[in-house]
Amino acid sequence: MSIKKYVKFATKSFALPNVCVRLRELLDCPRSSAEDLGHLISIDPSLTAKVLRLANSSLFRFPSQIESVSKAINVIGGEALYNLVISETASTAFKCFDSELIDLKQHWHASVYSGMLAKHLAMSTNAKVIERFFVMGILQNLSELVVAKRSPELYQQYLDSDKSLLPYQRQKQLFGFTFAHCSGIILESWNLPIGLFYPITHVNDVARQSADREIGVLALSNRIAVRQLDKENHSDIELFTSEIANTVSLDMEMVSNATDYAERETVKIAALIR
């Protein structure tokens, strides 16, 4: 089955919530205020609760209790708010494509872990809007669920394939595309910002890893995640390939710090979003 059919299946099965579109429009409008954003968020009680919980969490350490959505938005920032909404959307999409072949709780945990790695590495490279990397880490394997739901027999072949190969190599070999590439196209079809879908789409492209720092950071976080989450098969994976090293100026101490951070924060953040 071609990648286009999986993208079509995903877009027909799950529509991007209107709040994502409206929120992006408000953030891009210079006349919008925190009150405008707060009014939009307040329409959704579940999302309101998550925004308030995030603003009052240890991530921001605000000295007093935050009780209004508009004040919460002032604390966490508009882009962090957008990324929270997209993360919440991802959680809903994951449930939409639930498959008996995938442990959804484990998949979500791995996705959040990858996101926390990407966020910390991005912060270490002084990248802009680092919360965006957290969202990219979460979203890049969305299509794995889509594939498992749409083609369970083929996905089972993937599960049974040679695990000495890296996941993206096995995906390319069996499907003709990687899950990240398919996820990126799905996100583009949902009209998400290019800053989210472009690095995901091309994360396994070695030429772009060598030329684009954001792609290099995301690729490095993926390799770290594979090493940490599948030690049985990939404990000795090379992290800094020549292509990644060309754009990402980090060392193993920074990698260790990112790993510690991801392990510490993943449980808290996963529970906060879901």
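Now for a quick tour of the structure. (Residues numbered from 1 in each chain as written. Predicted model: local features only at pLDDT ≥ 70, side-chain atom pairs only at ≥ 80, totals over all residues. Heavy atoms only, no water.)

### As for the packing of helix H7 (residues 104-124) against helix H8 (residues 131-139)
Across the interface, H7 lies against H8 with an axial gap of 7 Å and an inter-helix angle of 150 degrees. Here H8 runs roughly antiparallel to H7, going by the angle between their axes. You can see that H7 and H8 cross each other, and the crossing is right-handed. Contact residues: H7 offers Trp-108, Ser-111, Val-112, Ser-114, Gly-115, Met-116, Ala-118, Lys-119 and Ala-122, while H8 offers Glu-131, Phe-133, Phe-134, Gly-137 and Ile-138. Looking at the contact of H7 with H8 residue by residue, the classes come out as 8 nonpolar, 4 polar and 2 charged. (Axes fitted to C-alpha atoms, helices over the stretch in contact; angles between N-to-C directions. Helix = DSSP H or I, 4+ residues; strand = E, 2+ residues; numbered from the N terminus. Parallel < 35°, antiparallel > 145°, perpendicular 65-115°, else oblique. Left-handed = near helix turned anticlockwise from the far one by under 90°. Contact = heavy atoms within 4.5 Å. Nonpolar A, V, L, I, M, F, W, Y, C, P; charged D, E, K, R; others polar.)

### Remarks on the environment of His-107
Among the structural elements, His-107 can be located in helix H7. Using a relative accessible area of 9% as the deciding quantity, one classes His-107 as buried. Distance from His-107 to Leu-142, taken between C-alpha atoms, is 9.5 Å for residues 35 residues apart in sequence. Apart from the residues lying within four places of it in its own chain, the contact partners of His-107 are Phe-94, Ile-102, Asn-141, Glu-144 and Leu-145. (Buried < 20%, exposed > 50% of the residue type's maximum accessible area, 1.4 Å probe, protein only.)

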